[in-house]
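Architecture and fold: a report
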Amino acid sequence: MAAGPMRMRATLGAGYTDVRVLMSHPMETGQRKGSDGKLIPLHFIQNVTVKVNGKTVVEGQISQAISRNPVFSFRIKGGAKGDKIEVSWLDNQGETNSTETAVA
Amino acid sequence: MRAVTCGVMLALAPSPALAQQSPYAEYQRMTAENAPTELFELEGEEIWKKRQGPKNVSLERCDLGEGPGVLKGAYAHLPRYFADADRVMDLEARLLHCMMSLQGRSREEATKRVFGNADRGSEMEVLSAYVARHSNGMPLRPGIRHPKERASYELGQKIFFHRAGPWDFSCASCHGEEGKRIRMSELPVLYKPEFARPLMATWPAYRVSSSKIVTLQWRMNDCYRQMRMPEPDFGSETTVALIHFMTVTARGESYRGPAIKR
Amino acid sequence: MFVKRRGLLKAAGALGALLAAGLLRPIAALAATWNKEAFAAKSAADALKSLGAAGAEASGAIAIEAPQIAENGAVVPIEILSNIPGTTSIAVLIEKNPFPLAGRFDFMEGALAFVKLNVKMGETSDVRAVATAGGKSYTATKEIKVTIGGCGG
């Protein structure tokens, strides 16, 4: 499955910016059988990186135990309208995707 | 991960006290806040704007009841009567109508894959999510004034209680009495407003066990399958009447979809 | 190890474009930062040892928000906030999962020690959050009951 759409919302909260990011990814555990009866290979996001104005603020390492089509929320200290937030991911098969948005 | 099979129903057992405070309320609230429905809405927007069919046009001039291309409030006011088709339609029947009339697509082609799967949702599913999003926060007000709307509501009510099929089932067999459940799923009494309201306010939804959007047409189809009845046609008078009946029963409820369901 | 050539070529293309756009560091650097040992651990204790967070001290300053009962173990929303000053990372473990470590998040200057995520749970289990601050580790748990749903909705 090719990298699907990725969507993000960054909204100013009370003293922090809430960053909510939705990723399209099967997050296969390697335990599931396909319609052909064969095991679907392990395929999951391993790394998630959050950057604010080009500077990395969160580095996440995750496993196949994260739900299919992952949704994450992070909190950035302070933040101002127009700040550039970028989230990218890398999976165990070398596939990658990223998205960026400005703080609203 | 154990697969959830939805084959033979177990005996309908009385459920633990169906209190106002469902034990799953917290789960439902938290999953709704963290639901991946936006991804499907985005896909739906793409399909809405995509030129297709022999006429090579998009669905952007489709009239869902509020005027050509008007999305706001459209879902909350369905099902309703449409003069150009001279019948009551729900969202999916109306989308099909637009695919055929605006885009020139055949019914066969447009309904070839109405229900998707975990790897890929269907056009109807993602379109439903996209359209429904534009009614979020608005009260459900399906059509009820036109004679055909009245007739559709009454037909839906009749069908709801009509027993048929090899098991002599009606919708009411499962959804007609309080305190029933199938395994751990509480069965709402859908002809009563207090149960219909939270239900109709949360379709279409992202169904966790299918990893995709599920719609009311899908739900009708699947219920018929579970009752061992013949498969209803997509957007048929029967399915629309049932959906109409339940939506009218839920009238006034604030729509809060697309939602998330187990 | 079976290597899918098509997958690699596809990845090279996608990555090439992203690298050219300056959006990603080279794979090698990123791949090195996935703690294979910790994620392969079959017990929470072993995972924490691999993370260098063994012997974590119980703390009431780590807030775990999660439903008491999850209808479906495929999507269980969990929110963790560490109120311990100077928290630099949070690890999330599902004790009864075959591989308990679900994720580990490092927070640099500019981020709060907070994460909300959806996890898969095979059965009723404790969810454990481990926060690291100033070289020390702290932990809190919360039990989440998981029911496998029936056929409805």
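Residues numbered from 1 in each chain as written. Chains lettered and ligands numbered in written order. Predicted model: local features only at pLDDT ≥ 70, side-chain atom pairs only at ≥ 80, totals over all residues.

**Concerning the environment of B:M89**
Residues and elements named next belong to chain B. Note the following rule: Elements are defined by DSSP. Helices are runs of H or I of four residues or more, strands are runs of E of two residues or more, and each kind is numbered from the N terminus. Burial is judged by counting the other C-beta atoms within 10 Å of a residue's own C-beta: 20 or more makes it buried, 12 or fewer makes it exposed, and any count in between marks it as partly exposed, with every C-beta position built from the backbone.
Inspection of the secondary structure assignment puts M89 in strand β3 (residues 87-89). Judged by the 25 C-beta atoms lying within 10 Å of it, M89 falls in the buried class. Put simply, M89 and P36 are 53 residues apart on the chain and 28 Å apart in space, counted from C-alpha to C-alpha.

**What to know about the environment of C:K96**
All names here are of chain C. Here is the rule we go by: In this description, any two residues whose backbone-derived C-beta atoms lie within 7 Å of each other are considered to be in contact.
Locating K96 in the fold gives a position in the loop between β5 (87-94) and β6 (101-107). Assessed through the 15 C-beta atoms surrounding it within 10 Å, K96 is described here as partly exposed. K96 sits 10 residues away from G86 along the chain, and the two C-alpha atoms are 29 Å apart. When residues no more than four places from it in sequence are discounted, the contact partners of K96 are G122, E123 and S125.

**Some words on the interface of chain C and chain A**
Stated precisely, the cut-off is as follows: Gly counts as polar in this scheme, as do all residues outside two lists: the nonpolar Ala, Val, Leu, Ile, Met, Phe, Trp, Tyr, Cys and Pro, and the charged Asp, Glu, Lys and Arg. The rule for pairing is simple: two strands pair if DSSP sees at least two bridges between them.
Listed by partner, the interface residues are 37 residues for chain C and 31 residues for chain A. Counting residues per element, the ones that place at least two in the side of chain C that touches chain A are α1 (5-20), α2 (27-31), β6 and β7 (114-119) of chain C. The class makeup of the residues in the side of chain C that touches chain A is 26 nonpolar, seven polar and four charged. Of the pairings in the sheet, the one linking strand β4 (residues 55-62) of chain A to β6(C) comprises five bridges and is antiparallel in character.

**Quick notes on the pairing of strand β1 (residues 6-12) of chain A**
For a regular strand, side chains alternate in direction, first toward one face of the sheet and then toward the other. Residues and elements named next belong to chain A. Here β1 runs beside strand β2 (residues 16-23); their pairing, made up of seven bridges, is antiparallel. Within β2, the residue paired with M8 across the bridge is V21. Counting the residues in the hairpin turn of β1 and β2 gives three residues, including G15, whose phi is positive at 85°.

Any functional reading would require information that these geometric values do not contain.
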